[in-house]
Amino acid sequence: MGPADIVISLAGHDRGEAFVVLEANEQSVLVADGKNRKLSRPKRKNTKHINLCRPGLDEIARAIGSGNATDRQLRRELAQFRSEAAKTEEGKSACQKMM
């Protein structure tokens, strides 16, 4: 799991919410969604409590790596992910906790 990957929270009060990974290590990840959890205040989640749904796009990964990512970019990426997941059966089954 790496920067810009889209994950779904499996536990906590944010269960079922989609996030973009900002930083990852073996035990935990920092995630943000650009709305409730902004880049200025990311959420630390245990890797056991998230589900990887889609690898991140290179454009977003570069922006996160260089520190130029914006909350607006994260919101757009997650909105696109949600619309794609809603259209496909695979997306529904793989990440149905999101909906």
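Notes on the structure in this doc start here. (Residues numbered from 1 in each chain as written. Predicted model: local features only at pLDDT ≥ 70, side-chain atom pairs only at ≥ 80, totals over all residues. Heavy atoms only, no water.)

This part covers the environment of Arg76. Here Arg76 shows up in helix α2 (residues 71–87). We classify Arg76 as exposed; its relative accessible area is 52%. Sequence-wise, Arg76 and Asp33 are 43 residues apart; in three dimensions their C-alpha atoms are separated by 9.6 Å. (Helix = DSSP H or I, 4+ residues; strand = E, 2+ residues; numbered from the N terminus. Buried < 20%, exposed > 50% of the residue type's maximum accessible area, 1.4 Å probe, protein only.)

In this section: the sheet that holds strand β4 (residues 43–46). Pairing is antiparallel across the open sheet formed by 5 strands, whose spatial order is β4-β3-β2-β1-β5. On the outer flanks of this sheet lie β4 and β5 (50–54), each paired with one strand and no other. Pairwise comparison of adjacent strand axes, ignoring direction, gives a mean angle of 50 degrees for this sheet. By the bridge criterion, 3 bridges tie strand β1 (residues 6–9) to strand β2 (residues 18–24) in an arrangement that is antiparallel. When the bridges of β2 are listed, Val7 appears paired with Phe19. Strands in contact with α2 are β1, β2, β3 (28–32) and β5; relative to β2, the strand with the most contacts, it is inclined by about 130 degrees. (Pairing = 2+ DSSP bridges. Axes fitted to C-alpha atoms, helices over the stretch in contact; angles between N-to-C directions. Contact = heavy atoms within 4.5 Å.)

A separate point is a positive patch on the surface. A cluster of like positive charges, contributed by Lys35, Lys38, Arg72, Arg75, Arg76 and Arg82, occupies part of the molecular surface. Within the secondary structure, Arg82 sits in helix α2. (Patch = residues over 30% accessible without salt bridge, like charges linked within 9 Å, V, L, I, M, F, W, Y side chains within 5 Å. Areas by Shrake-Rupley, 256 points an atom, 1.4 Å probe, with all protein chains shown as cover. Salt bridge = Lys/Arg side-chain N within 4 Å of Asp/Glu carboxyl O. Lys, Arg positive; Asp, Glu negative; His and termini not counted. Charge placed at Lys NZ, Arg CZ, Asp CG, Glu CD.)

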